Amino acid sequence: MSAGLVIAIRVGAAAAVFVAMALWEWLAPRRRLATGRRPRWPGNLGIWAIDSVAIRLLGPLTVVGAALLAADKGWGLFVLLGLPYWTALVAGVIALDLVIYAQHVVFHHVPWLWRLHRMHHADLDIDVTTGVRFHPLEILLSLAIKMAAVVALGVPAEAVVIFEVLLNATSLFNHSNVALPPRLERVARWIVVTPQMHQVHHSIARDETDSNFGFNLPWWDRLFGTYRAAPKAGEAGLTIGLPIFRERAELRLWRLLTQPFRDASELVQAADRPDQNQYRQRNSQQP
Ligand SMILES: [Zn+2]
Ligand SMILES: [Zn+2]
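How each quantity is defined
- Residues numbered from 1 in each chain as written.
- Chains lettered and ligands numbered in written order.
- Predicted model: local features only at pLDDT ≥ 70, side-chain atom pairs only at ≥ 80, totals over all residues.
- Heavy atoms only, no water.
- Donors = N, O, S within 2.8 Å, 3.2 Å for Na, K, Ca; no water.
- Core = buried A, V, L, I, M, F, W, Y, C linked by side-chain atoms within 4.5 Å.
- Buried < 20%, exposed > 50% of the residue type's maximum accessible area, 1.4 Å probe, protein only.
- Helix = DSSP H or I, 4+ residues; strand = E, 2+ residues; numbered from the N terminus.
- Contact = heavy atoms within 4.5 Å.
- Tetrahedral: all angles 85-135°; square planar, octahedral: opposite > 155°, others 65-115°.
- Axes fitted to C-alpha atoms, helices over the stretch in contact; angles between N-to-C directions.
- Parallel < 35°, antiparallel > 145°, perpendicular 65-115°, else oblique.
- Left-handed = near helix turned anticlockwise from the far one by under 90°.
- Nonpolar A, V, L, I, M, F, W, Y, C, P; charged D, E, K, R; others polar.
- Phe/Tyr/Trp six-rings, centres within 6.5 Å; stacked < 30°, edge-to-face > 60°.

(A) The coordination of the zinc ion (ligand 1), seen in detail. Around the zinc ion (ligand 1), the protein supplies H104 (NE2), H108 (NE2), H117 (NE2), H121 (NE2) and H201 (NE2) as donor atoms, at distances of 2.1 to 2.2 Å. Going along the chain, you hit the donors of the zinc ion (ligand 1) in the pattern H-x3-H-x8-H-x3-H-x79-H.

And the structure:
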């Protein structure tokens, strides 16, 4: 499999799914966007461009490259177990999905990793562009984790390509502002993470943020007890985003890039200062 073919498959699939989902959510949106597209899309698409360039710059240091190296050297659990090719292919895709689920849970619970990941959650609406809004440092860390998993398991290169294309497509799909018909939604939830399932993960309520971690397969959340069927406040009462970084200025590309290194938006801190001053004045007036 040539590198050019892999890139063509990945870019072609991502572009096709992006256009399809953007059209769908434009024609039949699930929710009325609180902030809208115009303030959000330049930043989100800018992050997508930076992430794509960062991955290209790594050249052969990719997950496919790791799989080809492992195959060449005969490394990995699947090789030790003597798994037939097709079994290793299916097991590889499923195992990588479990790795990404576990990575997502860890990124929520380890404070410095949450700093990187929370930029994804700080989007004030969710739509197709939120599906590609991940900090470049999170993308690079995730790449290293996937490379380690591929080498340890001996995942075939074709399984990596299938997984990467699927992960990208399902991320665009499950962040889209669309709804499946209710009967289809009930069935689809057993096969793939749906937009209505993933929106709970973008709730401002922390207990809901820490649920529905899956991107492709919905099984891991059900298996490990992190599944939530719907937001507590219902579809209409659901607020998207985090309690911090709620100003429109935080949607700009530069602010997205610097969010991991800031505690809260400077705008909020500035707005807080008069209150603190009043508080100090009140205290100083007391006998
Ligand atoms: Zn998350
Ligand atoms: Zn998300």
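(B) Fine view of the nonpolar core. Membership of the largest hydrophobic core comes to 25 residues, with the highest contact counts inside it found for V63, V64, L96, V150, V155, V160 and F163. Looking at this core, the elements that each hand over two or more residues are α3 (63–73), α5 (85–109), α7 (136–153) and α8 (157–175). Those residues in contact with V64 that sit more than four places away from it in its chain are V6, A157, V160 and V161. If you look at the next biggest cluster of nonpolar residues, it comprises 12 residues, including W41, L172, F173 and V178.

(C) Spatial organisation of the environment of A230. By the secondary structure assignment, A230 is in the loop between α12 (219–223) and α13 (234–237). Along the chain, A230 and H201 lie 29 residues apart, while their C-alpha atoms are 9.8 Å from each other. Once you skip the residues sitting within four places of it in the chain, A230 turns out to touch V200 and E208.

(D) Main features of the coordination of the zinc ion (ligand 2). Binding of the zinc ion (ligand 2) to the protein goes through H120 (NE2), H175 (NE2), H198 (NE2) and H202 (NE2), at separations of 2.1 Å. Around the zinc ion (ligand 2) sit four donor atoms, and with donor-metal-donor angles ranging over 88 to 164° the site reads as irregular. Here the donor residues of the zinc ion (ligand 2) are spaced in sequence according to H-x54-H-x22-H-x3-H. A gap of 5.6 Å separates the zinc ion (ligand 2) and the zinc ion (ligand 1). In this pair, H175 is assigned in helix α8 and H202 in the loop between α10 (195–198) and α11 (206–209), connecting sequence segments 27 residues apart. You can call H202 buried: its relative accessible area is 0%.

(E) Here's a closer look at the packing of helix α1 (residues 3–27) against α8. Across the interface, α1 lies against α8 with an axial gap of 9 Å and an inter-helix angle of 15°. On the basis of the axis angle, α1 is roughly parallel to α8. In this structure, the crossing between α1 and α8 has a hand that is right-handed. Residues V6, I9, R10, A13, A14, V17, F18, M21 and W24 of α1 lie in contact with α8, whose contacting residues are V161, E164, V165, N168, A169, L172 and F173. Within the contact of α1 with α8, the residues separate by chemical class into 13 nonpolar, one polar and two charged.

(F) How the structure looks around the packing of aromatic side chains. Applying the stated criterion across every chain, the model contains seven aromatic pairs. Ring geometry for F18 against W48: centres 5.4 Å apart, planes inclined by 40°, an arrangement best described as tilted. Separated by 30 residues along the polypeptide, F18 in helix α1 and W48 in helix α2 (residues 41–57) bring together distant segments of the chain. F18 gets classed as buried once you look at its relative accessible area, which sits at 14%.

(G) Just the packing of α3 against α7, in detail. Direction vectors running N to C along α3 and α7 enclose 20°, while the axes themselves pass 9 Å from each other. The angle between α3 and α7 places the two elements in the roughly parallel class. Between α3 and α7 lies a crossing of right-handed hand. Across from V63, A66, A67 and A70 in α3, the residues of α7 making contact are L143, K146, M147, V150 and V151.

Everything listed is a geometric property; what it means functionally is a separate question.
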